[in-house]
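# Close look at the chain arrangement
Next come the chains, spelled out residue by residue.
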Amino acid sequence: MHEIVNIPRERAIAVGVGSRAFTREESLEHLEELAFLAETAGAEVICKIFQDRDKPDGATAVGRGKLEEIKEMIEEDNIVLAIFDDELTPAQMRNLSRELNIKVLDRTGLILDIFASRARTSEARLQVELAQLQYLLPRLSRMWTHLSKQFGGIGSKGPGETQIETDRRMVRDKISLLKEKLSNVAVQKAEQRKGRDSMQRFALVGYTNAGKSTLMNALTGAEVLVENKLFATLDTTVRVVELSDSETHKTVLLSDTVGFIRKLPTQLVASFRGTLAETLEADVLVHVIDVSHPQFREHIRSVVETLEAIGAGEKPVIMVFNKIDALPDLDLVHALQADYAQSVGISAQRGINLTTLQEMMLQMGDERHETLHLHLPYSAMKELANIYRTGTVLDRKDLDDGIELTARVTTDEARHLRGFVLEAA
Ligand SMILES: Nc1nc2c(ncn2[C@@H]2O[C@H](COP(=O)(O)OP(=O)(O)OP(=O)(O)O)[C@@H](O)[C@H]2O)c(=O)[nH]1
Ligand SMILES: [Mg+2]
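### Quick word on the coordination of the magnesium ion (ligand 2)
Listed as protein donors to the magnesium ion (ligand 2) are Ser213 (OG) and Thr233 (OG1); their distances from the metal cover 2.0 to 2.1 Å. Taken as a pair, Ser213 in helix α8 (residues 212-220) and Thr233 in the loop between α8 and β6 (237-244) lie far apart in primary sequence, 20 residues in all. A relative accessible area of 8% places Ser213 in the buried class. Classification of Thr233 as buried rests on a relative accessible area of 12%.

What follows is the structure, encoded as C-alpha cells:
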C-alpha cells in the first residue's frame with residue numbers, strides 16, 4: 001500500500017551574479033543550471049533574477065537596488081527560499097538572511113542538500129555528512145542555531161538535529177569520527193578489490209546527466225537508475241563487460257559513478273574519495289559528454305579540472321560524445337573527432353556506435369599493466385611520485401629503510417622499476 005504524501009514544493013527564487021570571467025550568455029546558462037539543481041532538490045523555481053556586475057558585492061552579493069527588487073518578488077510571489085549561484089561568504093549569508101528574511105542557500109549548500117537527500121548507501125551518507133560539517137565549520141558562530149536551520153535547505157536534511165546546540169569542538173570531534181569510519185570502509189573496499197586485480201578496469205566519468213548510467217546499462221545489462229535529474233547516481237557500480245572483435249576477446253570491468261558539475265564543492269570532492277576509488281584505480285577513463293548540451297565544452301573543462309583535483313588527470317581517456325541522436329546533423333561530432341584522437345560519437349539510449357566504442361576500449365585496454373611488489377629506498381622518491389602519477393598504489397608500508405609497495409603500473413613503468421622488485425605480486 002502506498003501512502004500518498006503531498007510535500008509542498010518550496011517556492012524559490014534563483015539569483016545569479018555575473019562576473020568578468022564569463023560572458024552574459026554563459027552566466028545565464030549557469031543560472032539555468034542552478035534552477036535545474038533547485039528543481040532536482042525539490043524546489044519550485046518561481047523566478048530567476050540576474051545581475052551583471054564586475055564582481056559580487058562583498059556584503060550582499062547583489063547590489064542594493066537588486067536586493068530591493070528581490071524583496072518585492074518575495075512578497076508578491078510568496079517565495080520562501082532564495083538560492084544564489086556561487087558560494088556565499090558566511091557574512092554574505094548572514095546579511096542576506098537578515099535582509100530577505102527567508103531561507104538563503106548558495107550553490108554549494110544546494111549541492112550538499114541534494115547529495116544528502118539522495119545518498120543511499122552508508123558510505124555515501126557518511127561522506128555527505130562529513131562534507132556538510134566541513135562546509136558548516138567556518139560558518140559556525142553565535143549564528144549556529146540559525147544557520148543550522150537554514151542549512152537544512154530543501155527537505156531539511158541538516159547534519160542531524162543533535163548537532164544544533166553544539167559547538168565547534170564537537171563538530172571537529174564528529175568530523176574526526178566520520179573520517180575514521182570512512183577509512184575503515186575504504187580498507188574493506190580495497191580488500192574486496194584485490195581479488196579482481198588481473199582484470200583491466202575502465203571507469204565512466206563525466207558531467208552529471210551526460211548519460212553515464214545509460215551507457216553503463218547499454219554495455220553491461222546492469223540496471224542502474226537513469227533519470228533526467230542532476231546527480232541521479234551517487235554510488236559506484238562495477239560490472240563485467242565482454243569486449244570482442246574478430247581476433248580478440250576480453251573480459252574487463254566497467255564502473256559507473258557520481259557525476260561532476262561546475263564548482264563541485266571541494267568538501268564533497270574530498271569526502272567522496274571512497275566512492276571515487278574505482279575512478280582513481282581505473283586503467284582507462286571513459287569520459288561521457290552530452291554533446292547536445294549548449295555548454296558541453298565548459299562541461300568538459302569542469303570534468304578535466306575535477307579529475308586533476310582527485311589525482312586522475314593523467315590517465316588515458318576515451319572521449320565519448322553522447323546523445324548524437326539529439327543533434328540536427330553530425331558536423332559537430334566530425335569536427336570533435338578530428339580534435340580528439342581517441343573519441344567516438346554515440347547514442348547510449350538508441351545504441352548507436354556502441355560497437356565502435358567497444359573496439360576502441362579493446363585497443364586502449366591493450367596498453368598492458370602489471371602488479372608489482374616493490375621496495376623503494378628513500379633515495380628513490382622520484383620513482384614513487386611516478387607510480388602515484390601513472391599507476392595505482394594498492395598497499396604501502398613505510399619502513400625504516402624505505403617504502404614497501406604493491407602497485408599496478410604500466411608495462412613501460414614496470415621496466416624502469418625492475419631494480420626495485422621484491423617478488424612478483
Ligand atoms: N537523447 C538522448 N538522451 C540520453 C542519451 N543517453 C542518456 N540520455 C538521457 O539523459 C538523462 C541522463 O541520463 P543518465 O544515464 O541518468 O545520466 P548520468 O550521466 O548517469 O547522470 P547522473 O547519474 O545524474 O550524473 C536521462 O534522461 C537519459 O534518458 C542519448 O543517447 N540520447
Ligand atoms: Mg548516473
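### Topic: the layout of surface pockets
The computed volume of the largest pocket comes to approximately 750 Å³. As for the largest pocket, its lining consists of 31 residues, of which Arg193, Arg273, Ala277, Leu280 and Glu281 are closest to the centre. For the lining of the largest pocket, the secondary-structure elements that each account for two or more residues are α5 (122-136), α7 (168-194), α9 (266-271), α10 (277-281), α14 (381-390) and β12 (392-399). The element that contributes the greatest number of residues to the lining of the largest pocket is α7, accounting for 9 residues. For the lining of the largest pocket, the residue count by class is 12 nonpolar, 9 polar and 10 charged. Put simply, the second largest pocket is a space of about 380 Å³. Lining of the second largest pocket is provided by 23 residues; of these, Asn209, Gly211, Thr214, Val226 and Lys323 occupy positions nearest its centre. In terms of residue class, the lining of the second largest pocket is made up of 7 nonpolar, 11 polar and 5 charged.

### Here we look at the pairing of strand β2 (residues 44-51)
Sheet topology places strand β1 (residues 11-17) next to β2; 7 bridges connect them, and they run parallel. In the strand pairing of β2, Ile13 is matched with Cys47. In the classification by handedness, the crossover that spans β1, the intervening helix α1 (residues 24-40) and the parallel β2 is right-handed.

Quick notes on the rules
- Residues numbered from 1 in each chain as written.
- Chains lettered and ligands numbered in written order.
- Predicted model: local features only at pLDDT ≥ 70, side-chain atom pairs only at ≥ 80, totals over all residues.
- Heavy atoms only, no water.
- Donors = N, O, S within 2.8 Å, 3.2 Å for Na, K, Ca; no water.
- Helix = DSSP H or I, 4+ residues; strand = E, 2+ residues; numbered from the N terminus.
- Buried < 20%, exposed > 50% of the residue type's maximum accessible area, 1.4 Å probe, protein only.
- 1 Å grid on protein atoms, 1.4 Å probe; cavity = no way out; pocket = protein on both sides within 12 Å on 5 of 7 lines; lining within 4 Å.
- Points joined across faces, edges and corners; volume = space filled by probe spheres on them.
- Nonpolar A, V, L, I, M, F, W, Y, C, P; charged D, E, K, R; others polar.
- Pairing = 2+ DSSP bridges.
- Right-handed = clockwise from strand over helix to strand, strands pointing away.

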